[in-house]
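# Report on the structure
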Amino acid sequence: MIESPDIPQVDIGNHCTDPYDCDFKGTCWKHIPEYSVFDISRLNKDKKFDLYNQGVLTLHDIDLSQTDLNPNQVLQVKSEISGSTHIDIDEIRNFTSELNYPLYFLDFETIGPAVPIYEGSRPYQQLVFQYSLHIRETSTSEIEHREYLADPTEDPRIGFIEQLIQDCAKSGDILVFNISFERGKLNDLIESFPEYSNELRGIVNRLKDLMIPFQQKWYYTPEMRGSYSIKSVLPALIPELSYNDLDIKEGGTASNTFLSMVNGTFEGDVEETRKQLLEYCELDTYAMVKILDVLKEV
Ligand code: SF4
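Read on for a plain summary of the structure. (Residues numbered from 1 in each chain as written. Predicted model: local features only at pLDDT ≥ 70, side-chain atom pairs only at ≥ 80, totals over all residues. Heavy atoms only, no water.)

### What about a negative patch on the surface?
Here is the rule we go by: Each patch is built from salt-bridge-free residues with over 30% relative accessible area, joining like charges within 9 Å and nonpolar side chains (Val, Leu, Ile, Met, Phe, Trp, Tyr) within 5 Å. Note on areas: these come from Shrake-Rupley sampling with a 1.4 Å probe, and a residue is covered only by the protein chains present in the view. For this analysis, a salt bridge means a side-chain nitrogen from Lys or Arg found within 4 Å of a carboxyl oxygen belonging to Asp or Glu. Think of it this way: Lys and Arg go in the positive column, Asp and Glu in the negative one, and His and the chain ends go nowhere. Think of each charge as sitting on NZ of Lys, CZ of Arg, CG of Asp or CD of Glu. Helix numbering and strand numbering both begin at the N terminus, where a helix is a DSSP run of H or I of at least 4 residues and a strand a DSSP run of E of at least 2.
Side chains of Glu-147, Asp-247, Glu-279 and Glu-282 sit close together on the surface and give a patch of like negative charge. Along the polypeptide, Glu-282 turns up in helix α11 (residues 270-296).

### Things to note about the packing of aromatic side chains
Where we set the bar: Here a Phe, Tyr or Trp ring, Trp counted by its six-membered ring, pairs with any other such ring whose centre lies within 6.5 Å, and the pair is stacked when the planes are under 30 degrees apart, edge-to-face when over 60, and tilted otherwise. We call a residue buried when its accessible area falls under 20% of the maximum for its residue type, exposed when it is over 50%, and partly exposed in between, using a 1.4 Å probe and counting protein chains only.
The final tally for this structure, using the stated rule, is 13 aromatic pairs. With a centroid separation of 6.1 Å and 75 degrees between ring planes, the pair formed by Trp-29 and Phe-49 is classed as edge-to-face. Of the two residues, Trp-29 sits in the loop between α1 (25-28) and α2 (45-53) while Phe-49 sits in helix α2, which places them 20 residues apart along the sequence. A single burial state applies to Trp-29 and to Phe-49, both of which are buried.

### Digging into the layout of surface pockets
To keep things clear, this is the line we draw: Points on a 1 Å grid over protein atoms alone make up a cavity when a 1.4 Å probe fits among them but cannot get out, and a pocket when they form an open set with protein on both sides within 12 Å along at least five of seven lines; lining residues each have an atom within 4 Å of a point. Grid points are joined across faces, edges and corners, and a volume is the space filled by probe spheres set on the points. Charged means Asp, Glu, Lys or Arg here, nonpolar means Ala, Val, Leu, Ile, Met, Phe, Trp, Tyr, Cys or Pro, and polar covers whatever is left, Gly included.
Approximately 390 Å³ is the volume found for the largest pocket. Taken together, 14 residues make up the lining of the largest pocket; nearest its centre are Ile-7, Pro-8, Val-10, Phe-24 and Cys-28. Taken together, the residues that form the lining of the largest pocket break down as nine nonpolar, three polar and two charged. Put simply, the second largest pocket is a space of about 270 Å³. In this structure, the second largest pocket is lined by Asp-107, Phe-108, Glu-109, Phe-177, Asn-178, Phe-181, Glu-182, Met-211, Ser-229, Ile-230, Lys-231 and Asp-284. Of all the secondary-structure elements, those providing two or more residues to the lining of the second largest pocket are β2 (103-111), α6 (179-192) and α9 (230-237). Top element by residues in the lining of the second largest pocket is β2. It accounts for three residues. Its residues assigned to classes, the lining of the second largest pocket shows five nonpolar, two polar and five charged.

### Observations regarding the nonpolar core
To be explicit about the condition: In this text, buried Ala, Val, Leu, Ile, Met, Phe, Trp, Tyr and Cys residues form a nonpolar core when linked through side-chain atoms within 4.5 Å. Segment limits for the domains were obtained from an automatic or database-derived domain assignment. Residue contacts are defined here by distance: any two heavy atoms, one from each residue, within 4.5 Å place the two residues in contact.
In terms of nonpolar packing, the biggest core is built from 90 residues, with Phe-214, Leu-237 and Ile-291 touching the most fellow members. Counting residues per element, this core draws most heavily on α11, which supplies ten residues. In this structure, this core is formed jointly by two domains, domain 1 (14-84) and domain 2 (85-298), each of which donates at least three residues. With near-sequence residues (within four places) excluded, Leu-237 lies in contact with Phe-214, Tyr-219, Met-224, Ile-291 and Val-294.

### Notes on unusual backbone geometry
Cis rather than trans, the peptide bond between Asp-18 and Pro-19 has omega equal to 15 degrees. Of note, Pro-19 is situated in the segment before α1. The peptide bond linking Tyr-101 to Pro-102 adopts the cis configuration, its omega dihedral lying at -5 degrees. Among the structural elements, Pro-102 can be located in the loop between α4 (89-97) and β2. At Tyr-124, a position not held by glycine, the phi torsion is positive, near 65 degrees. With relative accessibility at 59%, the residue Tyr-124 sits in the exposed group. Of note, Asn-178 is a non-glycine position whose phi angle comes to about 85 degrees, a positive value. As for its placement among the helices and strands, Asn-178 is situated in the loop between β5 (174-176) and α6.

### Thoughts on empty space enclosed by the protein
Inspection of the entire model under this criterion finds one cavity of 30 Å³ or more. If you go around the largest cavity, the residues you meet are Gln-125, Gln-126, Leu-127, Val-128, Arg-157, Lys-185, Asp-188, Leu-189 and Ser-192. Put simply, the parts of the chain that give the lining of the largest cavity at least two residues each are β3 (127-136) and α6. With four residues, the single largest contributor to the lining of the largest cavity is α6. Classifying every residue of the lining of the largest cavity gives three nonpolar, three polar and three charged.

Keep in mind these values describe shape, not function.
Below, the structure written as C-alpha cells:
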C-alpha cells in the first residue's frame, strides 16, 4: 500500500474507531456535518452507518416511518426538526419532590498517572485530588460552599477523605452528575482505605444522580444535541453561566495541570493555577445548583 501511487478508496466505517480512533478522521470525516446521525443518543454504531450508507447525514434527513429508533431517539430527532423543548412535568416533579434536605452538590476531579505514584494504586487508576461541594440546608436557604484541593507533594486521597467526611455531615441527599463516576471513586477509596469505610459507605448511600432527568429525556432541548453531559445541559438551560470565561475549562486540563504539579513538571504560577483549579471545580457544582433550580420551576 505504501508503494501504491493512489490513495485507496475506502469509505468511513466501523474501522475508523475500532480497535481505536484513527488519526485520519480529520480528513476522511470532513463531509460529516457537525451535528449528524452519528450524534443520535445511544444509537448503535451499525445503525448509524446503515443510515449513513443510505445517504442520511443529518437528523432532518431521517424518515421516521422507515427508521427503527427508540422513543428517546425519536424525541431527539423531532426536537431538532421542530426546534422545540420537551419537558415531562410529572417525572421531573417526582424527581425533585423526592430530594431530601440538606442537599449537597458534589463533584470530584481526578488524576490518572500511567506509572502509579501512591501506595496501592494501579496504572491509570483515576485518583481523586479535588472536590467542590455546594450545600443548601433547606429549599429556601442560601447556598454554602466547601472545597478541597490536595497538596501535590502528598498522597491526595487522605486529606480528601477526611475533609469530605466532615463536609458531608451525616444526612441529606448528595447530588452528583453521573453517579457512576463519583460512586466508583468512593468505592476505590473504601478499598484502599478500609479504616474510613463506614463513613464513606454512608456517603455512597446518600448519592443521587442529577443527570437522570436529562439522560431519561424528561427535560430535553434541541441545543443538547442528544448529549446529557453537564457541559451540554448547562448552556442549554442557563446560557449565561459558562465555562468559557474560565482559564481551566474542562476536567482533562484540570487533571493534567495537577498531575504536572505532582510530577514536578509544572511551570507557572502555582498559587494562581490553584485558584483556577478551584474556580473550575466550583463552577461544576454551582452549575448543578442552578440546574436543579430550573427543574424545580417546572
Ligand atoms: S479515518 Fe482512518 S480508518 Fe477511517 S477511512 Fe479514514 S484512514 Fe480509514
